Structures are given as C-alpha cells and as structure tokens.
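Architecture and fold: a report
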Amino acid sequence: MTAPETRSPAEAADAAWPDDAIEVARIADAWGIKGWFKVHAHSADPQAIFATRRWFLKPAETAIPGKGTVPGLLKILSLREHGDGLVASAEGVSDRNGAEALRGARVFVSRTHFPKADPDEFYWVDLVGLTVVNRQGETLGEVIGLLDTGPHAVLRIQPAGLTAPVKPEQERLIPFVSAFVDDVSLQERRITVDWGLDF
C-alpha cells in the first residue's frame, strides 16, 4: 500500500466526516492476496453498507497509537456477500499488506444513505435515546440499547432517576413486539408501551 499523497482542498472536503455518521461494520481481516478484505456488519440486514461506496473509518479502540494509520475515507470499488459475511475491495488497497493494515477499523456511513424503513420498521440507532412511557403516562426510562434475541429485539431501558452507567440487573428489558409496544414516535422521541412500573 503506497503512502498517502497530499490532497487538494476539494479532496479534503470529500473526506469530511458527515455529522450523522453511524457505525455499521468493522473490517475483520485480509481476504486473498489482491487487496480484498472481510467485513463484519453490525446488522443481519446490512442495507446501509450497500447503499454507499464512501465509507468513513476510525481505528479500532484497541489500536496502538502511532502504529500504522487508517484512512479517514475509503472509496469502495466492489462489495459482495461471501459465506456469512461480506468481502470488499477499495481504491488504493491493492495487496494483502494494504488490506491487513485496515484490520479492526470501524466503518461509518452517513445516516442519509440508510434505505427508508417500512412504516412499522425502525433502525436501532433511531430508537436509542427515546423516552419510554407506559399507558398510564408513567416514565419508565430511556432506551440505551437493544438486544437481538433472534425472534425479536429487546429494548434495554435505563430506568428514570438512575444515571449511567447502570448495572445490567438495573435495566428494564421490554420485548420490542406489538404485544407490548403500542406506539413509536420518532418525532416526539417517545415509545409508548404496555408495561408496569413494577415489572
């Protein structure tokens, strides 16, 4: 992999991070000898990754400072499913050494590239931070994450009155299914559920 060249102002602007960047995947390892690399998506349906050829990168949290650099922007040339994951090739990454240098990098894309969700579907990232209230108008807390149990997702809720970080046993866990979730309003940033304060 050759050393990065000096970029023009236009190229620098092209690499500017979007304000709505969302982490969608990680680069796992090199694949083959021609610069291809494996990608592990954070979603079982990685539509957002396929929606754009401009990936913004950050090094892994465990990266050693000063040891190698990860480019801020990766222009994807090819991306396809392979086995239970994805493989990709990118501009400027032409051999195995170049691909190995990307190992562990976190992949971000602009939220504007996410395909539009169906009326009763939501991206997890849009649910985090929403206030959860029950039918009685009582505030149960705030969504801090979701769990994928296979059949359905489960809302992880930080109870009202507790400050982060909360211990796992303090979280409220509510299945994200119609039997318990009455309404999701992204505009009002609220989820209404059929769930008691004592559950």
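1. Some details on the overall build of the chain
- Along the chain, the regular secondary structure elements total four helices and 12 strands.
- Here the chain, with 199 residues, has 35% of them falling under the buried criterion.
- In the chain, the proportion of contacts linking residues at least 24 apart, taken out of those at least 6 apart, comes to 54%.
- For the chain, the computed accessible surface area is about 12100 Å², with 51% contributed by carbon and sulfur atoms.

2. Thoughts on the sheet that holds strand β8 (residues 139-148)
- Within the open sheet, the six strands sit side by side as β10-β9-β8-β7-β12-β11. Their pairing is mixed. Among the strands making up the open sheet, the edge pair consists of β10 (172-175) and β11 (181-185). If you compare each strand with its neighbour and ignore which way they point, the axes differ by 35° on average.
- Here four bridges tie strand β9 (residues 153-159) to β10, and the two strands are oriented antiparallel to one another. Residue L155 lies in a different strand from β10, and its bridge partner there is I174.

3. Let's talk about the nonpolar core
- Membership of the largest hydrophobic core comes to 24 residues, with the highest contact counts inside it found for V24, I27, F37, W55, L57 and L74.
- Elements that contribute at least two residues to this core include exactly β1 (21-30), β2 (37-41), α2 (47-50), β3 (54-58), β4 (73-82), β5 (85-90) and β6 (106-110).
- Of the residues forming this core, the biggest block, five residues, is contributed by β1.
- What L74 contacts, discounting residues up to four positions off in sequence, is I27, F37, R53, R54, W55, L57, A90, V93 and L102.
- The next biggest cluster of nonpolar side chains, apart from the first, holds 15 residues, and it includes L140, V143, I157 and W195.

4. Focus on the pairing of β6
- For β6, the tally of buried residues reaches five of five residues, placing the bulk of the element in the interior.
- Here β6 shows no split at all, with R106, F108 and S110 on one side and V107 and V109 on the other all buried.
- For β1 and β6, the ladder comprises five bridges, and the chain directions are antiparallel. When the bridges of β6 are listed, R26 appears paired with R106.
- Pairing geometry for β3 and β6, over three bridges, is antiparallel. Among the inter-strand pairings, L57 is bridged to a residue of β6, identified as V107.

5. Quick word on the pattern of salt bridges
- Counted by the stated rule, this structure contains nine salt bridges.
- A salt bridge links D29 to R103, with the nearest nitrogen and oxygen atoms 2.9 Å apart. Placement of D29 in strand β1 and of R103 in the loop between α3 (96-100) and β6 is noted, with a sequence separation of 74 residues between them.
- With relative accessibility at 26%, the residue D29 sits in the partly exposed group.
- By relative accessible area, R103 is classed as partly exposed at 46%.
- Across the pair R111 and D126 runs a salt bridge whose closest N-O atoms are separated by 2.4 Å.

6. With respect to the pairing of β11
- Pairing between β11 and strand β12 (residues 190-193): four bridges, direction antiparallel. What sits directly across from V184, in β12, is I191.
- Between β11 and β12, which pair antiparallel in sequence order, lie four residues; one of them, R189, sits at a positive phi of approximately 55°.

Thresholds applied
- Residues numbered from 1 in each chain as written.
- Predicted model: local features only at pLDDT ≥ 70, side-chain atom pairs only at ≥ 80, totals over all residues.
- Heavy atoms only, no water.
- Helix = DSSP H or I, 4+ residues; strand = E, 2+ residues; numbered from the N terminus.
- Buried < 20%, exposed > 50% of the residue type's maximum accessible area, 1.4 Å probe, protein only.
- Contact = heavy atoms within 4.5 Å.
- Areas by Shrake-Rupley, 256 points an atom, 1.4 Å probe, with all protein chains shown as cover.
- Pairing = 2+ DSSP bridges.
- Axes fitted to C-alpha atoms, helices over the stretch in contact; angles between N-to-C directions.
- Core = buried A, V, L, I, M, F, W, Y, C linked by side-chain atoms within 4.5 Å.
- Salt bridge = Lys/Arg side-chain N within 4 Å of Asp/Glu carboxyl O.

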